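This is what each chain is made of:
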Amino acid sequence: MVMRATRRGLLLGAGALPFLGRGTAAQAWAPTRPVRIVIGFPPGGGIDILARLMAPKMAEKLGQPVVVENRPGANGLLSTETVIRGDADGHAILFGTTGVLAVNQALYPDKVDLLRDLAPLSHVASLDFVMVVNPEVPARTLPEFIALAKAKPGELNFGSSGNGGLPHLSGELLNAQAGIRTVHVPYRGSAPAYADLIGGRVQFMFDAFAIGRPHIEAGRVRALASTGSKRMATLPNVPTMKETLPEYEVQNWYGMSVRAGTPEAAINRLQQEVAAALRQPDVAERAATLGLDPVGSTPAEFAVFQRAEIAKWGGVIRAAGIKAE
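What you are looking at is a predicted structure, and each value in this text was computed from that prediction instead of being measured.

Chemist: Before we go on, may I ask you to explain the overall build of the protein chain in this structure?
Modeler: On a plain count of helices and strands, the protein chain comes out with 13 helices and ten strands. On the principal axes, the C-alpha backbone points of the protein chain span a range of 65 × 40 × 30 Å. Looking at the protein chain as a whole, 54% of its 325 residues qualify as buried. Across the protein chain, the fraction of contacts at a sequence separation of at least 24, relative to all contacts at a separation of at least 6, is 78%. Here the protein chain displays about 13700 Å² of accessible surface, and carbon together with sulfur accounts for 54% of that area. Positive and negative side-chain charges in the protein chain, numbering 33 and 28 respectively, have mean positions lying 1 Å apart.

As structure tokens, then:
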């Protein structure tokens, strides 16, 4: 994972040169007061850790403090509304996950319009999920699991950290692509979901490797597959979901946006400093320990990526009949 993250970071650095070379417009903009990175989650999680690593790097270049503001609640809607209701001047950045910047478009269509109200800044980082099963489940491979689920429709349960979250949608995507019917059981966070998985009350779940690693290494759960495009360096013997289901791919990603109407010069300058912070060795190394693959894309690249993710997860939500709680 470290090698992959570092390599991508170096490629981004090279790829960003033409973008940086557009020159003076971005460099002409500078913040006139502290810049806030607004996060819809409590302190201590992966996105919060990454933000606090990046903030001082960005502040050094921007000439103003960069502060991390945690606004948890309502699946990230509070953080989104904080930025949307602020000034369109580049001094507030929404730092969100797939859920905040893609899934919420379909879950809360009457409360947020991500494409209208926000301007993309950068796809910051991504991480793969792992599908884990209770060791008593009589399936050692994903094809065996699919065969078991087809033989017992509606009898296998999967836990998640909450209704409508990406771990939930990962299970629904498996149902749709494998042609199986398993039952979702939502919990308030990953910890209670894992407790019931270990106890056998649910049979499988999807979540970040960093969360499940202690349980996998202790043998309390078994890793069946990872959800990215390639096998994980930390789990080289665990196949990807794509090796069985070619269209299956899930990455939980982190992205940054600002309020729509923010001047292009401000957006470009902020993106440059985001990408520069991600290239710093200490940031890249810490990101790798969290299972993160730094990206640092341009605003235009993130716009294309975000639209595709909104369409993808909106389709899953509608097909599964998922409603916001």
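Alright, that's what it looks like, and here's the rest.
Chemist: Is there a simple way to think about the packing of helix 8 (residues 166-178) against helix 13 (residues 299-320) in this case?
Modeler: Relative placement of two packed helices is described by the angle separating their axes and the distance separating the axes. One way to put it is that helix 8 packs onto helix 13 with a least axis distance of 10 Å and a crossing angle of 70°. Comparing their axes, helix 13 and helix 8 come out roughly perpendicular. Every residue of helix 13 that contacts helix 8 at Leu166, Leu169, Glu172 and Leu173 is listed here: Lys312, Trp313, Val316, Ile317 and Ala320. Within the contact of helix 8 with helix 13, the residues separate by chemical class into seven nonpolar, no polar and two charged.

Chemist: So what exactly am I meant to see when it comes to the pairing of strand 1 (residues 35-39) here?
Modeler: Each regular strand shows side chains that alternate between the opposite faces of the sheet. The buried fraction of strand 1 amounts to four of the five residues, a majority that puts the element mostly inside the structure. Sheet topology note: the strand 1/strand 2 (residues 66-70) ladder contains five bridges and is parallel. Following the sheet pairing, Val35 is matched in strand 2 by Val66. With helix 3 (residues 46-62) bridging strand 1 and its parallel neighbour strand 2, the resulting β-α-β unit is right-handed. Bridging between strand 1 and strand 3 (residues 92-97) involves four bridges; their strand directions are parallel. Paired with Arg36 across the bridge in strand 3 is Ala92.

Chemist: Explain the pattern of salt bridges here, please?
Modeler: One side chain can pair with another of opposite charge once the charged atoms of both are near each other. Enumeration over the complete set of coordinates arrives at twelve salt bridges. A salt bridge links Arg36 to Glu69; the nearest nitrogen and oxygen atoms lie 2.9 Å apart. A residue pair is termed long-range when its members are at least 10 positions apart, and Arg36 in strand 1 and Glu69 in strand 2 qualify at 33 residues. Its relative accessible area of 26% is what places Arg36 among the partly exposed residues. Take Glu69: its relative accessible area is 22%, and that puts it in the partly exposed class. Measuring nitrogen to oxygen at the nearest pair gives 2.7 Å for the salt bridge that ties Asp196 to Arg201. Residues joined in a network through salt bridges with shared partners are Arg33, Asp87 and Asp89.

Chemist: When you look at the layout of surface pockets in this model, what are you seeing that I'm missing?
Modeler: To find the voids left in a structure, one rolls a probe of water-molecule size over its atoms. There is about 1300 Å³ of room inside the largest pocket. Lining the largest pocket are 45 residues, with Phe41, Ser161, Gly165, Pro167 and Ser190 sitting closest to its centre. Listing elements by their share of the lining of the largest pocket, those giving two or more residues are helix 3, helix 5 (98-107), strand 4 (118-133), helix 8, strand 7 (204-208), helix 10 (209-217) and strand 9 (251-259). The element best represented in the lining of the largest pocket is helix 5, accounting for six residues. Looking at side-chain class alone, the lining of the largest pocket contains 23 nonpolar, 19 polar and three charged residues.

Cut-offs used in this document
Residues numbered from 1 in each chain as written. Predicted model: local features only at pLDDT ≥ 70, side-chain atom pairs only at ≥ 80, totals over all residues. Heavy atoms only, no water. Helix = DSSP H or I, 4+ residues; strand = E, 2+ residues; numbered from the N terminus. Buried < 20%, exposed > 50% of the residue type's maximum accessible area, 1.4 Å probe, protein only. Contact = heavy atoms within 4.5 Å. Areas by Shrake-Rupley, 256 points an atom, 1.4 Å probe, with all protein chains shown as cover. Lys, Arg positive; Asp, Glu negative; His and termini not counted. Charge placed at Lys NZ, Arg CZ, Asp CG, Glu CD. Axes fitted to C-alpha atoms, helices over the stretch in contact; angles between N-to-C directions. Parallel < 35°, antiparallel > 145°, perpendicular 65-115°, else oblique. Nonpolar A, V, L, I, M, F, W, Y, C, P; charged D, E, K, R; others polar. Pairing = 2+ DSSP bridges. Right-handed = clockwise from strand over helix to strand, strands pointing away. Salt bridge = Lys/Arg side-chain N within 4 Å of Asp/Glu carboxyl O. 1 Å grid on protein atoms, 1.4 Å probe; cavity = no way out; pocket = protein on both sides within 12 Å on 5 of 7 lines; lining within 4 Å. Points joined across faces, edges and corners; volume = space filled by probe spheres on them.

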